[in-house]
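Spelled out from the first residue to the last, the chains are:
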Amino acid sequence: MAYLTTHPDVVPVISFRFGKGAADIDRYLELDGYKSVRKCFEMEPDAIINEVKTSGLRGRGGAGFPAGMKWSFVPKESAKPKYILVNGDESEPGTCKDRLIFEHDPHSVIEGVLIAGLAVGAKMGFIYLRGEYRFLIEIMEKAVADAYQRGFLGKGIFGTKHDFEIVVQTGAGAYEVGEESALMESLEGKRGVPRIRPPFPAVAGLYGGPTIINNAETIATVPHIFRIGAKEYAALGTERNGGTRLFCLSGHLEKPGVYELPMGYNLKKMIYEVGGGIPNGKKLKAVVPGGSSTPVLLPEEIDIGMDFDQVAKAGSMLGSGGVVVLDETVCMVEFALRTIKFYQHESCGWCIPCREGTDWLKKSLTRLHMGGAVDKDIDQIKYIADNMLGRTFCPLGDAAAMPTAAFVKKFRKEFEDHLNGKGCPYHPAPDYELATV
Amino acid sequence: MADVTFTVDGKQLTAPKGTLLIEACRKAGIEIPAFCYYPGLSLQGACRMCVVRVEKMPKLQTACTTPVADGMVVTTESPEIAQARKATIELLLGNHPLDCPVCDAGGECELQDMTFKYGAHQSQFVEIKNHREEQQWSPVVYFDRPRCILCYRCVRVCGEGMDVWALGIQNRGSGAVIAPNKQDHLECEECGMCIDICPVGALTSGTYRYKTRPWEMSHVSTVCTHCADGCKTTLGVRRADDGMEIVRGDNRDKSGFNNDFLCIKGRYAFDFASREDRITQPLLKQPDGQFKPATWDEALDFAGKQLREIRDTRGGKSIGVIGSTRITNEEAYLLQKFARTVLGTNNIDHHRTADYPSFLAALKAKGQKEASIRDFADAKAILVLGSDPTEQHPLLAWQIRNNVRNNQARLYAANHQDIKLRRQATGFLKIQQENYGALIAFLAGNEKTFEGNANAAGFREALRKEESIVIAFGSEYRGRDIEALIAFGAGFPNVKFACLGDYANSRGASDMGLLPDLLPGYVPVTGAGSFMQEYGAALPQTAGMDMVQMFDAAGRGELAALYVASADPVKRFGVDPAALKNTFLIVQDMFLTETAKLADVILPAANLYEKAGTATNTYGDLQLVKKAGDKAGVRSDFDLIVRLAGHMGHDIKSLVPFGKGLLADFGQSRGTQSGEADRHAVWLTAHQLELKASPFDPFAIFDEIQRLVPAYDLPRLDLMAGNDEHLKSDLVQIQTGATRRDLVLPSNDTLFTSGTLGEYSQMLHSVMESRKQSPAETAAD
């Protein structure tokens, strides 16, 4: 069980059952479990969707699309079955929130799926877990089995005339499958590559049926909205950014961990107070605010509220809430290389700009970090990143290009310090493992 | 669907709603580059070359996945777009080997063309390229990963187009690679569509690779010599010591009804033409049984003299003639004319693979009801009775698959085998081999044989709901069964029929009267009036001996001479060689076949790729056969028939009315431009001079065919332009074929065999050998 950490500013809404043994269904029921879904049985589908809209809940996977609006896109009538799909393929480096939900509160995911199902008239849900999260499968499968056993899933759930089935499925370890259409391909047993849109999943998704696909945190938040009230939930956050979210603080911090904080919480405060500041008296160098695909922020740019709109205004993205803090000892070229190596490894290879672009970025950055580059190579890296941006089939290409472009722009001096045979000033002995892998 | 109006590069265009932007632009003459987009295959959006600017959209959009919409404003060329395309090419070239000077695709490579257009000529990368060794996947398919740009065309054409699914993708990212279905090799139909569709030189053909450069070949668009589908093929031909060598078959100009489709045979099995053991000089059998080379005059003199003597002493009835299913219409026609007017015999036949006379007689009263191969591409519903199109009619199978996939056509099939096409079928009915006739009775409402068979009842029920249907049937149907089938089919409000025979010009051989009882156009030999008038000669009026009767007669010593043109009846019909020991045998062929071995005189013959004329596919589509080139030492069957007649002392002008009609010579035989020949003819006529055309001009005979066979009296311009023309199938003279002896012997060829020609194709043998070595499931499974 993961070590849980907290801070006085934490507002435990999603995390209110964390560490309380709620993976056990009885314990979950004691902690007001499955009460929200019972409420929803009394409500019209449109009323459920309106509550979610009122709550201001925005997608926690990274794009921040309003959840209630997404639900409202599903057509009322459909010849094909509708599906609720939980995206638990948490793979963005710096992000480790969904695993806590699956580990500590798996029933909230099930309950969220049931509510979404009532809202759009679906009778089947899939919970897609990241392939590497092997240890969570057992927990999640047990939760589903318990729910079946109690009659919360299956035929005539909760003694009503409603039926609902849930299947737990794992991926095979591909970041790309976190992209919603690639996830559906994977779930259908195909190669995990994204689909052409339109049609959007809400119209034709899994097996061609209208599909709601939500991040695990988003769907797990839904029962809590009905537990505490939509308006009350919305009031916890800022305008157009309702409620709280799980922030994953990592990197050079005294107290890294997952903290549930209100949307719009100040980033500087998050680092220096919640996270306990930078250890060993070192200075802050940079912050990646929302997972590795978001452009880096400089220390002077972090006095902002952490909600989708304010971070976007600062030129980055709130993303998946993975805040990575870097101190002055970090070589930004090496960090850029680390980042691009991940995307190069995870590119599905479908489209040319991403497949070839990530590969050449990796090669160029490797050489630059080793000291084998000259001035124009920095521009060349920027050129590749610029020409990937907005040109790829799915957002993975952007996810690789955006941070790279930001690293070059904001730390050009550091890149220049590596040139002409000088090599890395931070690690004078070249990191051969890093350079050659 | 309703049309929408939109603007592209300032031009206002309209297109049906739902049309893809890339297609709408191409139709309007605006080229949008694309690697992964391929008409008819599923959309990929993978290469990002077709990006365009659509107003009000934040990013560049891919034209291949964007449907046109009313009021859409599109820009297809701008500095921004050119830069995006250039960057994509730069990224591709980063890993792509720049070995264009030796690459097979050099000169016809889409990546090369795009690089030229967008000027991505500077490499910024100094790192080594990702490399993998080249792999051989089958005798005819090689894969060079570094050259691959991962457009997935091959994967899709193999899966969606061929329904073989032998190609897939392994790994991901920059390590992604196209992979064959059996670890290190392919087990598939070896159609080579993947090679043809590859925009670069990643997939190369085992028969063509590294032999020549595209610009060193001449490209001749003609008709494939193998099955009866009559695919158009573009032969890549280059000069060789003995005239010419065919080095490639494809259909890159997509001008025929087969579009870009070719099967293994059309694409690779032309190698028989360049075999070492091909006969290239006349041979005379010596008393010791050995063949001795002779000059043309010696051989023709000897053959002509013998034939003349036998005719004059023992009469035409003692002479037999066997024609071919792979010669042109003009040659088949000329052969029967030679037999009937010069030899004075109706003993003429060929290897029949379908009962065309019964089919056409049954259709006669129904109007224009014969289906062209084109009809299968857009029919609402298709019924296939018997035959296995995937093996015997690859183009038909391709048309059906595409129609089912792209237009949701409904396929119904009944067969005694689990044919592969059943995967596309809405309804499939497995029947006993002897029940094909009974099936028609059942479909027409008679319950007897299939009583209580729920599958059959469901099949019939579904079929009855169809209003517009095309029915194709194999050689399982003959005579009365065909009559019953046509009578049943005529019950559909809108119906067309196709009779599936086996070889390139089986239909032509039958249409041109290589039959003992029927003249060209299925005119009974008893009613030969118009022919006698045209020929100015008497014709034998009683039916002659058919193939079987001729060999029986030979066995009894009653067949004094036999003239075989490009056929191997001894092997096909299992004739006892002893039966022919007292028969004077003249054989013209490419190889020392079983029949040729027994010959007294062997005349080296050209094949369909080495001659001009016309050929008719089994669906009654007439096409022009063009000569790829001359081979030293061989002559066309046409040439040989005319020369043989001449050496018999016959007036060849009465055989080939050359110079008779102004239409005669289209320049094919003399290499002049067609219009030039016509003007020349007009001028000669105006001055009361005789047209000095060649006696070997097939079009002099084609004129005569058009005069005598109404079905072939089609406008010629389209044909001459290389298009196909559908015969007027209702113009036959016989009332029924059902009382005839049909003598149909299906070839039972597979995808990898092709009668005699297949036996002489090294490539087909090597493919079959490689399949024996890995005896897993066949591609059809």
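Residues numbered from 1 in each chain as written. Chains lettered and ligands numbered in written order. Predicted model: local features only at pLDDT ≥ 70, side-chain atom pairs only at ≥ 80, totals over all residues. Heavy atoms only, no water.

## A few points about the overall build of chain B
Where we set the bar: What counts as a helix is a DSSP run of H or I of at least four residues, what counts as a strand is a run of E of at least two, and both are numbered from the N terminus. We compute the radius of gyration over the C-alpha atoms and compare it with the globule rule, which gives 2.2 Å times the number of residues raised to the power 0.38. All accessibility values rest on the Shrake-Rupley procedure with a 1.4 Å probe; residue burial counts only the protein chains present in the view. His is not counted, nor are the chain ends, whereas Lys and Arg count as positive and Asp and Glu as negative. Charge positions come from single atoms, namely NZ of Lys, CZ of Arg, CG of Asp or CD of Glu.
Tallying secondary structure elements over chain B gives 27 helices and 30 strands in all. In terms of overall dimensions, chain B is globule-like: its C-alpha atoms have a radius of gyration of 28 Å, near the 28 Å expected for 781 residues. Projected onto the principal axes, the alpha-carbon positions of chain B cover approximately 90 × 65 × 65 Å. Within the structure as shown, chain B displays about 29,400 Å² of accessible surface, and the carbon and sulfur contribution to it stands at 51%. Computing the positive centroid from 86 side-chain charges and the negative centroid from 97, chain B places the two 2 Å apart.

## Some thoughts on the interface of chain B and chain A
Going by this rule: Any two residues having at least one pair of non-hydrogen atoms within 4.5 Å are treated as being in contact. Buried area is calculated as the accessible area (1.4 Å probe) missing from two parts once they are joined, with the contributions of both summed. Salt bridges, as used here, are contacts in which a Lys or Arg side-chain nitrogen is within 4 Å of a carboxyl oxygen on Asp or Glu.
Every contact between the two is made by 36 residues of chain B and, on the other side, 32 residues of chain A. At the boundary of chain B with chain A, total buried surface from both sides reaches about 3,000 Å², with 52% on carbon and sulfur atoms. Three residues, Leu91(B), Glu127(B) and Arg172(B), lead the burial of chain B against chain A; their summed loss comes to 24% of the area buried on that side. With a shortest N-O distance of 3.0 Å, Glu346(A) and Arg172(B) are connected by a salt bridge. Elements supplying a minimum of two residues to the side of chain B that touches chain A: α2 (79–95) and β8 (167–170) of chain B.

## A few points about the packing of aromatic side chains
Remark: the centre distance and the inter-plane angle together describe each pair of aromatic rings, the angle taken between the planes. This is how the line gets drawn: Between the rings of Phe, Tyr and Trp (Trp by its six-membered ring), a pair exists once the centres lie within 6.5 Å; its type follows the angle of the planes, with under 30 degrees stacked, over 60 edge-to-face, and the other angles tilted. Think of it in three bands: with a 1.4 Å probe and only protein chains considered, a residue is buried below 20% of the maximum accessible area for its type, exposed above 50%, and partly exposed in between. Criterion for a charge above a ring: Lys NZ or Arg CZ within 6 Å of the ring centre, and within 35 degrees of the ring normal.
Following the criterion strictly, the structure yields 31 aromatic pairs over all chains and no others. Ring centres of Phe335(A) and Phe407(A) lie 5.6 Å apart, and the angle between their planes is 90 degrees; on these two criteria the pair is classed as edge-to-face. Here Phe335(A) is found in helix α13 (residues 332–346), whereas its partner Phe407(A) is found in helix α16 (residues 395–410), with 72 residues between them in sequence. For Phe407(A), a relative accessible area of 2% puts it in the buried group. Directly above the aromatic system of Tyr208(B) lies the positively charged group of Arg248(B), at a separation of 4.7 Å from the ring centroid. When the ring centre of Trp296(B) is taken as reference, the NZ or CZ atom of Arg635(B) above it lies at 4.4 Å.

## A word on α13(A)
Residue and element names in this part refer to chain A. This is how the line gets drawn: Here the expected length of a helix is defined as 1.5 Å per residue gap, with one fewer gap than residues.
An ideal rise of 1.5 Å per residue puts 21 Å on 15 residues; α13 measures up with 21 Å between its terminal C-alpha atoms. Across the 15 residues of α13, 12 count as buried, placing the element largely inside the fold. Turning to α13, its buried residues are Met-332, Val-333, Glu-334, Phe-335, Ala-336, Leu-337, Thr-339, Ile-340, Lys-341, Tyr-343, Gln-344 and Glu-346.

## Notes on the domain arrangement of chain A
All names here are of chain A. What counts, and what does not: As used throughout, domain bounds are those supplied by an automatic or database domain assignment.
For chain A, the assigned domains read domain 1 (14–235), domain 2 (244–327) and domain 3 (332–417). Computed over C-alpha atoms, the centres of domain 2 and domain 3 are 23 Å apart. Every contact between the two is made by 14 residues of domain 2 and, on the other side, 12 residues of domain 3. Between domain 2 and domain 3 the total buried area reaches about 1,000 Å² when both faces are included, carbon and sulfur atoms providing 72% of it.

## Some points on the side chain of Thr390(B)
Within the secondary structure, Thr390(B) sits in helix α11 (residues 389–392). Apart from residues no more than four positions distant in its own chain, Thr390(B) is found in contact with Glu189(B), Ala397(B), Lys420(B), Leu421(B) and Leu751(B).

## Let's talk about unusual backbone geometry
Of note, the bond from Arg197(A) into Pro198(A) is cis; its omega dihedral lies within 30 degrees of zero at -5 degrees. You can see Pro198(A) is positioned in the loop between α8 (180–187) and β4 (211–215). The residue after Pro198(A), namely Pro199(A), is reached through a cis peptide bond having omega 5 degrees. Position of Pro199(A) relative to the elements: it lies in the loop between α8 and β4. With a phi angle near 55 degrees, Glu190(B) is a residue other than glycine that sits in the positive phi range. Relative to the helices and strands, Glu190(B) is located in the loop between β9 (177–180) and α5 (193–197). With a relative accessible area of 2%, Glu190(B) lands in the buried category.

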